[in-house]
Structures are given as structure tokens and as C-alpha cells.
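One-letter residues, chain by chain:
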Amino acid sequence: MRSVALKLTLAFLAVGVLGAVLVGVFVSIRTQREFDRFIFDNSQQPAIAALSDYYRSHGSWDGLDRAVLNAAERWLRPDRPMLVTVTDSQGIVVFGGPDPQRLGTQVPERSLRRAIPIDVDGEVAGYLIFDFFEDRRAPDAPENLFVAALNRGIVLAALAATVGALLLGAFLARTLARPIGELTAATQRIARGELGLQVPVRTHDELGKLASSFNSMSADLEKASRLRRQMTADIAHDLRTPLSVILGYTEALSDGKLQATPAIAATLHQEALHLNHLIDDLRTLSLADAGELPLYRDWIAPGALLERAVAAYGMQAEQQGITLRTEIAAGLPSVKVDAQRMAQVLGNLVSNALRHTPAGGEVTLSASQEDGVVLLSVHDTGDGIPPEDLPHIFERFYRGDQARQSFGASGLGLSIAKSIVEAHGGSLTVASATGQGSTFTVRLAV
């Protein structure tokens with residue numbers, strides 16, 4: 001039995017049958033008891049009235065047997081499931097139903113406690129005791145016919161409930177099994193390499209949330225695969241550029257078409273450095289993705305990190321005619337970070353800001369605190385980032401013109417910066433408006 005729908009249908013059917021049987025049994029038993037009690041209650045009043053009249057007219061219980069049989073024949077018929085006992089005020093049996101041997105015997109105290117007093121002119125003249133015994137009602141007695149009809153109704157209701165449980169169970173089982181089947185088929189197709197598949201979200205319950213999560217996962221897998229293919233192509237392109245230059249010069253030198261000069265040596269060295277820088281960036285990203293990026297943390301003041309960045313890029317800013325300054329709030333707590341890695345992050349951000357800020361502009365490095373978090377910001381007065389590129393600014397090798405240029409020589413600078421900050425448990429965000437500059441903000445927990 002492999003079908004979930006069949007299992008669920010049978011489970012609903014079993015629950016429905018069990019519930020119908022239990023309800024039928026309990027209702028039948030309870031109805032029988034209440035019906036007997038109804039007969040019992042209806043028998044009390046005529047019996048008490050007949051006995052009270054007898055005692056009032058005779059002044060005693062002498063000769064009660066025949067009188068009661070004649071006066072209360074309706075409630076003393078043999079087909080009634082009751083045994084009637086009448087005692088005097090002392091509990092001595094004066095009428096014992098069909099058992100004459102009980103006359104003159106003393107009724108136990110526990111029987112008197114449940115007996116019905118026979119009141120005659122304000123005094124208790126005796127007690128009436130009903131005892132249920134084995135039901136001897138005739139099959140065609142009205143009581144039996146009523147109970148039989150009731151039991152038939154209970155059985156029919158149980159059968160109807162069972163059929164309803166079966167139909168409802170089949171419907172619910174199909175409703176539950178259908179999205180599961182769709183998810184199973186979709187996962188099998190994804191396993192065969194068909195990424196990006198989407199399944200319909202039919203409900204808003206747990207199955208609907210599962211389908212939505214699957215769709216998000218499938219879309220993410222498709223996007224990751226596409227980015228991986230794009231990154232592979234971009235890496236090959238960026239590696240090919242310096243290699244082509246190096247191979248071109250070395251081939252010309254080896255063929256004697258060029259003579260070795262300091263300028264050629266400097267060009268080869270520069271391209272080798274660029275190639276090495278790209279390889280280092282790729283290694284850093286791979287370590288960050290694997291969660292194995294080594295961090296040597298120590299407590300350091302946020303202002304010291306900014307001053308280090310200003311010292312490293314102060315000369316370049318001055319040559320470009322750009323003002324590079326810091327704004328450091330007083331009383332900032334130290335942060336536990338890898339100083340070298342954070343210098344790399346701030347270096348990427350500052351170099352990007354200088355690259356896109358025109359002469360006469362300004363780049364501001366600020367440090368502040370907000371809700372227990374230290375904020376390190378790099379704000380420039382450059383051209384800003386186009387809105388269509390802003391959501392993709394941290395993607396590797398993204399091809400938007402502005403964003404692509406801001407990545408620097410390797411195209412991985414901001415991706416590396418974001419990975420390093422996240423490895424510290426922080427976050428890196430950007431806010432930008434075209435023509436008004438950009439602000440990159442690093443958030444670090446204290």
C-alpha cells in the first residue's frame with residue numbers, strides 16, 4: 001500500500017466507522033436506560049395514589065395483595081421490567097409482588113433509603129420500593145417496538161455516517177495527496193537538471209507554504225546555476241585578458257620581434273599582479289562561501305579602522321582633487337574584528353568611491369552607534385548607482401555598466417567585501433540616488 005491518498009481514505013473511513021459504532025452503542029444504551037426510567041417514573045404516581053387511597057379507606061394494609069393487583073393492574077403487568085414491594089411505616093413487607101414468602105419480613109435499611117414514602121394525610125403510612133429485574137417485555141410490547149425502531153434509526157445513521165466519512169475522506173485525501181504528488185514530480189524533474197520549475201500553490205496552509213518554499217528554492221537554484229555559468233564565463237574572460245597580454249609579449253620576445261625593455265617588463269609585471277589579484281579574490285570568495293575564511297579577531301576602535309583607510313588612500317584622493325575626511329562619533333565602543341580583513345573591506349569601498357567621484361567632490365568615512373550596533377559608512381558625492389543596478393550591486397560579475405565598473409579590476413570587490421562582513425556576523429548595505437552619490441554602510445555588533 002504505497003498511495004498516500006488510499007492510506008488517508010482508509011484512515012478517515014476507520015475513524016468514521018469507529019465513531020459511528022461508539023456513538024450508536026452509547027446512544028442505544030443511554031436511550032434504553034432513560035426509557036426504562038421514564039416507565040418507572042410514570043408508574044410511581046398511579047401506584048402511590050392507589051396505595052394512599054387503599055390505606056385511607058381501610059385504615060391499614062390488611063388485604064393489600066388482591067386490592068393492589070386489581071387497582072394497579074396496568075403497572076404490575078408481568079411484561080413490566082419491575083418488581084414492586086410495599087412495606088408499612090416500620091419497613092415490614094405487606095406486599096411482595098409475585099413472591100408471597102416475602103410478606104412479614106423486614107426490608108434492609110439500604111432498600112428503605114431508596115424507597116418512596118406513601119403519604120396519607122400528612123403521615124408516612126408505608127413505603128413503595130421498585131426493583132428492576134430481567135426484562136420480560138413481550139416482543140410486540142409498545143416499549144419494545146419503540147426501542148427496536150430507535151435502534152434501526154441508529155444503525156441507519158451509523159451507515160450514513162460511514163458513507164459520509166468515506167466520501168469526505170476520499171475528497172480530503174485527494175486534496176492532500178495532489179500537491180504532494182506535484183511536488184514529488186517536480187523534485188524528480190529538478191533532479192534531472194530541469195531547474196526553475198514552479199508548482200501551483202493551491203492553499204495557504206502548511207502544504208501551501210511547502211509549495212511556496214519549493215518554488216523559491218527552485219528559482220534560487222535556477223538563478224544560482226545561471227550565475228555560476230555566468231561567473232565561469234566571466235572568470236575565463238578576466239583571466240584571459242592578462243594572460244593574452246603576457247602571452248603576446250612573451251611570444252614576441254621569444255621570436256625576437258621585440259627587445260626586452262623596462263617598459264615591457266613593467267607591463268608584464270603589472271599584468272601578472274592583476275592575474276594574481278584575481279586569483280586571490282577567487283580564493284577569498286571560495287573560502288567565504290565554504291565558511292572557512294580565516295579571521296584573526298582583536299578589539300579595535302572603529303575610528304582607527306577609518307583612519308587607516310584615510311591614510312592608505314589619502315594620496316590618491318589628493319591627486320584626484322577629492323576631499324577625503326572622517327566623521328567619528330565620540331565614545332564609540334571597540335569592535336572585535338580581523339583588522340586586515342576590515343581594511344580590505346574599507347579599501348574596496350573607498351577605492352570605488354574615489355573612482356566614481358569627480359574632482360572637487362567629497363568622500364566621507366563616518367563611524368557611529370545605533371541600537372547597540374556600530375555603523376561604518378563610506379559616502380561619496382559621485383554619480384550614484386542607477387536604480388536598475390542597485391539590487392544587483394553585490395552580485396559577482398554583474399554586467400550593469402555602473403555596477404560592473406564599481407567592482408574594480410577583478411569585478412569581485414564588493415562581493416568579497418560583503419562576504420567578509422558577513423563572516424564577522426555583520427551586514428553590508430548600500431543606499432544610492434542617481435546624481436547624489438552613494439552610501440555603503442557596514443553594521444557590526446559590539
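Residues numbered from 1 in each chain as written. Predicted model: local features only at pLDDT ≥ 70, side-chain atom pairs only at ≥ 80, totals over all residues. Heavy atoms only, no water.

## Some remarks on the nonpolar core
Okay, so step 1: Formed by 41 residues in total, the largest nonpolar core has its most connected members in Leu365 and Val442.
Okay, so step 2: With 7 residues, the single largest contributor to this core is helix H8 (residues 339–355).
Okay, so step 3: Not counting the four nearest positions on each side in its chain, Val442 is found in contact with Met342, Val345, Leu349, Val374, Leu375, Leu376, Val421, Ser427 and Leu428.
Okay, so step 4: Core analysis: the second largest hydrophobic core is formed by 16 residues, Ile48, Val94, Phe95 and Ile116 among them. (Core = buried A, V, L, I, M, F, W, Y, C linked by side-chain atoms within 4.5 Å. Buried < 20%, exposed > 50% of the residue type's maximum accessible area, 1.4 Å probe, protein only. Helix = DSSP H or I, 4+ residues; strand = E, 2+ residues; numbered from the N terminus. Contact = heavy atoms within 4.5 Å.)

## Let's talk about a nonpolar patch on the surface
Okay, so step 1: A contiguous nonpolar patch, built from Val17, Leu18, Val21, Leu22, Val25, Phe26 and Ile29 and spanning about 610 Å² of accessible area, is present on the exposed surface.
Okay, so step 2: Inspection of the secondary structure puts Ile29 in helix H1 (residues 4–58). (Patch = residues over 30% accessible without salt bridge, like charges linked within 9 Å, V, L, I, M, F, W, Y side chains within 5 Å. Areas by Shrake-Rupley, 256 points an atom, 1.4 Å probe, with all protein chains shown as cover. Salt bridge = Lys/Arg side-chain N within 4 Å of Asp/Glu carboxyl O.)

## Thoughts on unusual backbone geometry
Okay, so step 1: With phi around 55 degrees, Asp121 is a residue other than glycine that occupies positive phi space.
Okay, so step 2: Relative to the helices and strands, Asp121 is located in the loop between strand E3 (116–120) and strand E4 (123–132).
Okay, so step 3: The class for Asp121 is exposed, based on a relative accessible area of 63%.
Okay, so step 4: Its identity is not glycine, yet Asp371 carries a phi of approximately 55 degrees, on the positive side.
Okay, so step 5: In this fold, Asp371 is placed in the loop between strand E8 (362–370) and strand E9 (373–380).
Okay, so step 6: On the accessibility criterion, Asp371 (76% relative accessible area) is exposed.

## Details of the pattern of salt bridges
Okay, so step 1: Applying the stated rule across the entire model yields 6 salt bridges.
Okay, so step 2: Where Asp53 meets Arg56, a salt bridge forms, and the shortest distance between an N and an O atom there is 3.2 Å. Of this pair, Asp53 and Arg56 both sit in helix H1, 3 residues apart, roughly one helical turn.
Okay, so step 3: Here Arg56 falls in the partly exposed class, since its relative accessible area comes to 42%.
Okay, so step 4: In this structure, the salt-bridge partner of Glu362 is Arg325, at a minimum N-O distance of 3.2 Å. Residue Glu362 is found in strand E8, and its partner Arg325 is found in strand E6 (residues 323–328); the two are separated by 37 residues along the sequence.
Okay, so step 5: Here the residues in one salt-bridge network are Asp53, Arg56 and Asp121, joined through shared partners.

## Notes on the environment of Glu395
Okay, so step 1: Inspection of the secondary structure puts Glu395 in the loop between E9 and helix H9 (401–406).
Okay, so step 2: Between the C-alpha atom of Glu395 and that of Lys418, which follows or precedes it by 23 residues, the distance is 9.8 Å.

## Comments concerning the packing of H8 against helix H10 (residues 413–423)
Okay, so step 1: The contact between H8 and H10 brings their axes to 9 Å, and the two run at 145 degrees. H8 and H10 meet at a crossing whose hand is left-handed. Every residue of H10 that contacts H8 at Arg341, Gln344, Val345, Asn348, Leu349 and Asn352 is listed here: Gly413, Leu414, Ile416, Ala417, Ile420 and Val421.
Okay, so step 2: By residue class, the composition of the contact of H8 with H10 is 7 nonpolar, 4 polar and 1 charged. (Axes fitted to C-alpha atoms, helices over the stretch in contact; angles between N-to-C directions. Left-handed = near helix turned anticlockwise from the far one by under 90°. Nonpolar A, V, L, I, M, F, W, Y, C, P; charged D, E, K, R; others polar.)

## What to know about the side chain of Ser218
Okay, so step 1: One can find Ser218 in helix H5 (residues 206–255).
Okay, so step 2: Within the local environment of Ser218, its side chain forms a polar contact with the backbone nitrogen of Gly196, the two atoms lying 3.2 Å apart.
Okay, so step 3: Ignoring any residue separated from it by four or fewer positions in sequence, one finds Ser218 in contact with Ile190, Leu195, Gly196, Leu197 and Gln198. (Polar contact = N/O pair within 3.5 Å; in protein donor to acceptor, adjacent residues only side chain to side chain.)

## Some remarks on helix H6 (residues 262–289)
Okay, so step 1: The end-to-end C-alpha separation of H6 is 40 Å, in line with the 40 Å expected for 28 residues at 1.5 Å each.
Okay, so step 2: Of all the residues in H6, the buried ones are Ile264, Leu268, Glu271, Leu275, Leu278, Asp281, Thr284, Leu285 and Leu287.
Okay, so step 3: Positive phi appears at Gly291, one or two residues downstream of H6, with a value of about 70 degrees. (Expected span 1.5 Å × (residues − 1).)

## Structural notes on the packing of aromatic side chains
Okay, so step 1: Using the criterion set out here, one finds 3 aromatic pairs in the structure.
Okay, so step 2: Ring plane angle 45 degrees and centroid distance 4.9 Å describe the contact between Tyr55 and Trp61, whose orientation is recorded as tilted.
Okay, so step 3: Residue class for Tyr55 comes out partly exposed when judged on its relative accessible area of 23%.
Okay, so step 4: One Lys or Arg, Lys418, reaches over the ring of Phe394 and ends 4.9 Å from the middle of that ring. (Phe/Tyr/Trp six-rings, centres within 6.5 Å; stacked < 30°, edge-to-face > 60°. Lys NZ or Arg CZ within 6 Å of the ring centre and 35° of its normal.)

## A word on the confidence of the model for the protein
Okay, so step 1: Mean pLDDT over the protein: 80, with 83% of residues reaching 70 or higher.
Okay, so step 2: When mean pLDDT is compared element by element in the protein, E9 scores highest at 95, while H9 scores lowest at 42.
Okay, so step 3: Here residues 73–80 scores under 50 on pLDDT; set against residues more than four positions off or in separate chains, the count is 23 contacts.
Okay, so step 4: Every residue in residues 401–409 scores below 50 in pLDDT, and together they form 34 contacts with partners more than four places removed in sequence or on other chains. (pLDDT = per-residue confidence, 0-100.)

## A few points about the sheet that holds strand E10 (residues 427–433)
Okay, so step 1: Strand order in the open sheet formed by 5 strands is E6-E8-E9-E11-E10, with mixed pairing between adjacent strands. Of all the strands in the sheet, the pair left with one neighbour each is E6 and E10. The average angle at which neighbouring strand axes cross in this sheet is 15 degrees, direction not considered.
Okay, so step 2: In terms of strand pairing, E9 meets strand E11 (residues 437–445) through 7 bridges, oriented antiparallel. In the sheet register, Ser377 faces E11, and the bridge partner there is Thr441.
Okay, so step 3: Strands E10 and E11 of the sheet are contacted by H10, whose axis makes an angle of about 135 degrees with E10. (Pairing = 2+ DSSP bridges.)

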